[in-house]
Amino acid sequence: MKHFVKILIIALVIFSLFVLPLQAAGTIKIGGIFPITGPVATFGISCANGAKMAVEEANAKGGVLGSKIELIIEDDQYKLEEAANAAKKLIERDKVVAIVGGVTSSEALTIGPIAQSSKVVLVTGTATNPKVTQVGDFIFRVCFLDDFQGEVMANFAYKNLKAKTAAVLTAVTSDYSKGLADAFKKKFAALGGKIVADESYSEGDTDFRAQLTKIKALKPDFVFVPGYYSDVAPILNQARELGITVPFGGGDGWDSPELLKQAAKAAEGCFYSNHFTPDAKDLLVQTFVKNYTKKYGMAPDALAALKYDAMKFLLEGIKKAGSADPVKIKEALASMKTFRGVTGSMTFDANRNPIKSAFILQIKDGKVVYYTTVKP
Ligand code: PHE
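Rules used in this analysis
- Residues numbered from 1 in each chain as written.
- Predicted model: local features only at pLDDT ≥ 70, side-chain atom pairs only at ≥ 80, totals over all residues.
- Heavy atoms only, no water.
- UniProt positions renumbered as here; feature names shortened; annotations may be inferred.
- Salt bridge = Lys/Arg side-chain N within 4 Å of Asp/Glu carboxyl O.
- Helix = DSSP H or I, 4+ residues; strand = E, 2+ residues; numbered from the N terminus.
- Buried < 20%, exposed > 50% of the residue type's maximum accessible area, 1.4 Å probe, protein only.
- Pairing = 2+ DSSP bridges.
- Axes fitted to C-alpha atoms, helices over the stretch in contact; angles between N-to-C directions.

The name given to the protein chain in an unreviewed UniProt entry is ABC transporter substrate-binding protein, with Dictyoglomus thermophilum as the source organism. As recorded by UniProt, the Sequence similarities (unreviewed entry) comment attached to the protein chain reads in full: "Belongs to the leucine-binding protein family."

Asker: Can you break down the pattern of salt bridges residue by residue, with the values?
Answerer: Two side chains of opposite charge can pair, provided their charged atoms sit close to one another. Summed over all chains, the structure comprises 13 salt bridges. A salt bridge links D198 to K185, with the shortest nitrogen-to-oxygen separation between them at 2.8 Å. Pair noted here: D198 is in strand β7 (residues 194–201) and K185 is in helix α7 (residues 175–190), with a separation of 13 residues, a long-range link. Look at D198 and you get partly exposed, because its relative accessible area is 47%. A single salt-bridge network, built from bridges that share partners, covers E74, K89 and D94.

Asker: Tell me about the sheet that holds strand β8 (residues 222–224), residues and numbers included.
Answerer: Here we have seven strands laid out as an open sheet, ordered β7-β6-β8-β9-β10-β14-β15, and mixed in their pairing. Edge positions in the sheet fall to β7 and β15 (367–374), since each has one partner strand and no second. Averaged over all pairs of adjacent strands, the angle between their axes in this sheet comes to 25°, without regard to strand direction. Sheet topology places β8 next to strand β9 (residues 248–250); two bridges connect them, and they run parallel. Bridge pairing in β9 places V223 opposite F248.

Structure below.
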């Protein structure tokens, strides 16, 4: 009997020493929340592709801290209620240690407070509104902010395009659009330019002729449309139909293959700011473009690149933390002051916002081409 107890104790010790930790090291669960269907579906699909690729690359190398990464993806359809439900499901049911997502700023501002109050890390690759990281210290991002992007486009319109007057057409239903419009207007006025029209619409509207007719009458040199491609395409088409010939411009929200499919002619000669160009000569970028294109049959856009970077940044944080405990991951990420991704080299400020360059892209001969780089 004594002998049996001894064996049992030894067996228990062996079990707790080796088997339990092995089980705990099984997988590290990370959630992904993307609008894979709905009005900005190309955003969601690209983000899911980019995030998946980073996870597959890490798992092919044995995972992180000896554990495989399990990525659980939810489609929020660009509906804020769905985004909130997805965040709660991932945190409460799946017990993820971190979420990559919040593709648009409105989604990130919905998911952020849930992640923060649950003490789960949120890394967004794409949400550019300044308020996103102000939600709390569990929220990180690897994209520049709309304050910068708005200034970049105001400078470009005023200095490069020599625009003295501009019109702005804002989506009042989008945190992103409102923030970017404000940043553009402020800088354009500060440079000495005049905002002659300040019009608005709601996302999903289909008829923009009333606003565009007003804009046309005021004869601006430039029209800034800080919206998403699904609205920008009909806006551009209707603007040209109404005979507005001046260049239009926007921000990263223009980045979708759909824009050219729906409005290539109307978009010709327009410019927008973005986070990524597959034309960059950098070897890191070229390898990413090659592998992504091979895997998905199309070149990566900024969203794919940003979510790839967001996931890599998060995985590096987990490695650095030496633990999959969200509080430790948060601390490790906060201590990472630089990161080199396919969207460029970045340094982080005290508020978990990266400082990095923007690219200005031009729509030329029915294609999106690199125009110039603007350093912060
Ligand atoms: N910056 C946008 C937002 O905050 C999202 C976006 C990023 C769209 C990159 C296109 C490309 O809503």
